[in-house]
Amino acid sequence: MAERKLLVLFGSQTGTAQDTAERIGREAKRRHFRCQVEALDSYDVANLIHEPLVVFVCATTGQGDPPDNMKMFWRFLFRKNLPAGSLCQLDYAVLGLGDSSYPKFNFVAKKLHKRVLQLGGNPLLPVALGDDQHDLGPDAVVDPWLMALWDKILALYPLPPGLEIISPDVRLPPKYTLHYLPEDSPHPGSDLLRPTAPQDVPCELHPFAARVVSNQRVTAQSHFQDVRLIEFDITGSGITFSAGDVVMVQPQNCPEDVQQFCQLLRLEPDRRFVLEPTEPGTPLPPLLPQPCTVRYLVTHYLDISCVPRRSFFELLSYFSTNELEREKLQEFSSAQGQEELYSYCNRPRRTTLEAMWDFPHTTCAIPADYLLDLIPRIRPRAFSIASSMLAHPERMQILVAVVRYRTRLSKPRRGLCSTWLASLSPEQGDVRVPLWVKEGGMKFPADPATPVIMIGPGTGVAPFRAVIQERVALGRRGNCLFFGCRHKSKDFYWQAEWEELVTKGFLTLFTAFSRDQEEKVYVQHRIRENGRLVWELLSSGNAHVYLAG
């Protein structure tokens, strides 16, 4: 009998595709398959020709781009020299996650499906096109598609004699077991918890701990929004970047939330533990030191402030000793309960920690072993770099709007990363932020004579400051900037810097202050008023136009 082995490969940017891939992995285990769930770029693609059965789960980002953790796979798959029948032994299915408000809806999934077919793969089902815009989210497509997929797979690979599908009432084992160390075991140095500068260029698995040099509010105190200009020292990091590049920042939870979480779950923050995979061959989570303290795990790894997904409530329902709570959790994890879950969680942006408060009997019964199955890891956040190495060598600056807004919940919602960054004060000593640089999507003209028209309202102006600094340092003139904000006196970022460049003839600047007069004026009005100049730059100057929001 053929080996019952399934591989689930995902490309995920925000974690939804990974969450769905892990769900398929759980459903496979209930059907007694040997199942491996991996990011596409962690998988050795050369082995694909030997795989009998693969489910691909992939998101589409930006303008039809593949997520970061499948870019290498994508390049390999589209190599011209791959033989046409190389995947003829492969049964496969592709599940796409996208957003139909974008023109290239689920572009990556559609293209992947077509390419594997070209290479000889045998599709078990048409590609699934999950849509974020649907009232019930992607699950409206995913749920029925998965039911059809299991029917197909079980027809090819029937259950071994004497085995039944493991009932949904039975809890699956955790991915890792947490072994607490005796309290008197020797402590390693605290260097363990410091991301160190690696020998290679910093990346997600080896971030550079950059020192915060300054953190300054650049909007007036009376302005409704707190925006910060934050400067990092990147001396000795090996980091290089050019205009348009992006810095990735790995944020952490605030001490109050960490303390609350530990109290709710009755965890001792200073207890140390080591992780052991339940199934041999499962890699340990990257970025978690071994041994590790509970406090470190909750501060740096578990995303307790994210809005919980359906899978969170599903797993939580298994720990519930309280009938009322268990019924509610089961409803939230059922297909029928998705509208109610949406209005409980997504609409008011309720956090994982807040949801745990609402299920106190269940929360205090969560076994520590399941924490890494229950709560996703904290994702890095991307910021446009707002300075040029030519103007500020060994330094990097970002412009951060501190996210804070209200929903129907009494407590204001706060962005995890921006709130944390805003709280860092270099006066308190050596404050560090783990970061690395990623190539940006904007490429600027190599020819110094090509003019550049930049449209950057609000904090969208950040990448253009890097460009302008770079071009001015190289003596390039044709720089034209359209900037818009609410008030000239309150949120006109880098006003003095722009005005000096205008005086020196390096910059043409058009501003729109929307609230400084009766009728609102925006950048598009200024572009229209200066239509003749813009057209001249485009038609005879061959100008490039860039827009950042």
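It should be emphasised that the depicted structure is a prediction, and the values quoted were computed from it without experimental measurement.

Let's talk about the UniProt feature "domain: FAD-binding FR-type" (unreviewed entry) in the chain
- Mapped onto the present numbering, the UniProt feature "domain: FAD-binding FR-type" (unreviewed entry) falls on residues 205-445.
- With 29% helix and 21% strand, residues 205-445 has its two end C-alpha atoms placed 32 Å apart.

Looking at the domain arrangement of the chain
- What the domain assignment lists for the chain is domain 1 (5-156), domain 2 (208-251 + 380-438), domain 3 (255-374) and domain 4 (452-547).
- Computed from C-alpha atoms alone, the centre-to-centre distance between domain 2 and domain 4 is 23 Å.
- Counting from both sides, the interface comprises 21 residues of domain 2 and, opposite them, 18 residues of domain 4.
- Looking only at domain 2, the three residues that lose the most surface to domain 4 are Ala243, Leu390 and Leu399, adding up to 29% of its buried area.
- Summed over the shared surface of domain 2 and domain 4, the result is zero salt bridges.
- On the surface where domain 2 and domain 4 come into contact, there are seven residue pairs in polar contact (both at pLDDT 80 or more).
- Of all the secondary structure elements, the ones that give two or more residues to the side of domain 2 that touches domain 4 are strand S9 (227-233) and strand S14 (395-401).
- The element that contributes the greatest number of residues to the side of domain 2 that touches domain 4 is S14, accounting for three residues.
- Of the residues that constitute the side of domain 2 that touches domain 4, the class distribution is twelve nonpolar, nine polar and no charged.

Some remarks on the state of the cysteines
- Considering all chains together, one arrives at zero disulfides under this definition.
- Between Cys35, a cysteine without a disulfide, and Cys58, which holds the nearest cysteine sulfur, the sulfur-to-sulfur distance is 16 Å.
- Left unpaired, Cys203 is separated from the closest cysteine sulfur, that of Cys417, by 18 Å.

Some points on the sheet that holds S9
- With respect to topology, six strands assemble into an open sheet ordered S13-S10-S17-S8-S9-S14, the strand pairing being antiparallel. Sheet topology places strand S13 (381-384) and S14 at the edges, where each strand pairs with a single neighbour. The sheet shows a mean angle of 40 degrees between the axes of neighbouring strands, taken without regard to direction.
- Here seven bridges tie S9 to S14, and the two strands are oriented antiparallel to one another. For Val227, the partnering residue across the bridge sits in S14 and is Ala401.

Each value, and the rule that gives it
- Residues numbered from 1 in each chain as written.
- Predicted model: local features only at pLDDT ≥ 70, side-chain atom pairs only at ≥ 80, totals over all residues.
- Heavy atoms only, no water.
- UniProt positions renumbered as here; feature names shortened; annotations may be inferred.
- Helix = DSSP H or I, 4+ residues; strand = E, 2+ residues; numbered from the N terminus.
- Domains from an automatic or database assignment.
- Contact = heavy atoms within 4.5 Å.
- Buried area = accessible area lost by both parts, 1.4 Å probe.
- Salt bridge = Lys/Arg side-chain N within 4 Å of Asp/Glu carboxyl O.
- Polar contact = N/O pair within 3.5 Å; in protein donor to acceptor, adjacent residues only side chain to side chain.
- Nonpolar A, V, L, I, M, F, W, Y, C, P; charged D, E, K, R; others polar.
- Disulfide = S-S within 2.5 Å.
- Pairing = 2+ DSSP bridges.
- Axes fitted to C-alpha atoms, helices over the stretch in contact; angles between N-to-C directions.

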